[in-house]
Amino acid sequence: SATNMDLTPELIAQPNKSGKSPSKIIFRSGYIYVVKLKAFPNTTECVSKQVICSINKRYELGILIIIVDLATKVGFKNAVSKHAGIRLYNPVGNCDGVYKSERYFNCPPNCGICVPLEDVYVPVP
């Protein structure tokens, strides 16, 4: 299970760029096969599931809480449209569920992050 892994930032191998076929993210204590969240035809089916997100070239484990289309929001004219709101297991995020002054979900301080779908991976069996 991914929750028992040592997800230290010492990544040995990057996932493949397309993300459509499973690829490995290798950590100190083992590896996880993943596919990119954006490869799912219906990304909302992954809400409430465990995900791995890329934050500043590190990988962090969390729970996908919400998918938001920021292109429809005021003030996000040039934004990459779909973002994932993730509640992280470790306090390495940048919010508590508030992004750009709007609350999308609730979590403890620094345990939330909103990242483009491009940076979110779903572990596969």
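That block above? That's the structure.
Notes on the structure in this doc start here. It should be emphasised that the depicted structure is a prediction, and the values quoted were computed from it without experimental measurement.

A full pass over the atoms with the stated rule returns four salt bridges. Notably, a salt bridge pairs Lys36 with Glu118, separated by 2.4 Å at the nearest N-O pair. Here Glu118 lies in the loop between strand 8 (112–116) and strand 9 (120–123) and Lys36 lies in strand 2 (residues 30–36), a separation of 82 residues in the sequence. Its relative accessible area of 4% is what places Lys36 among the buried residues. Look at Glu118 and you get partly exposed, because its relative accessible area is 34%. The salt bridge involving Glu60 is made with Arg58; its shortest N-O contact spans 2.8 Å.

Let us now look at the nonpolar core. Membership of the largest hydrophobic core comes to 16 residues, with the highest contact counts inside it found for Leu37, Cys53, Leu64, Ile86, Ile113 and Val120. For this core, the elements supplying multiple residues, two or more each, are strand 3 (50–55), strand 4 (58–69), strand 5 (82–88), strand 8 and strand 9. If sequence neighbours within four positions are ignored, Cys53 has contacts with Arg58, Tyr59, Glu60, Ile86, Leu88, Ile113, Val115, Asp119 and Val120. Leu70, Tyr99, Tyr104 and Cys114 belong to the second-largest nonpolar core, a separate cluster that totals eight residues.

What counts, and at which threshold
- Sequence order as written defines the numbering, with residues in each chain counted from 1.
- Whole-chain, interface and lining totals are the exception, using all residues; otherwise, since this is a predicted model, local features are given only for residues with pLDDT of at least 70 and side-chain atom pairs are given and counted only at 80 or more.
- Side-chain calculation: all heavy atoms of the structure are included, whereas hydrogens and water are not.
- Criterion for a salt bridge: a side-chain nitrogen of Lys or Arg within 4 Å of a carboxyl oxygen of Asp or Glu.
- Only runs of H or I of at least four residues qualify as helices and only runs of E of at least two qualify as strands under DSSP, and these elements are numbered from the N terminus.
- Each residue is assigned to one of three classes by its accessible area relative to the maximum for its type, calculated with a 1.4 Å probe on protein chains only: buried under 20%, partly exposed between the two thresholds, exposed over 50%.
- Buried residues of nine kinds, namely Ala, Val, Leu, Ile, Met, Phe, Trp, Tyr and Cys, make up a nonpolar core once their side-chain atoms join them within 4.5 Å.
- The criterion used for residue contact is that any of the two residues' heavy atoms lie within 4.5 Å.

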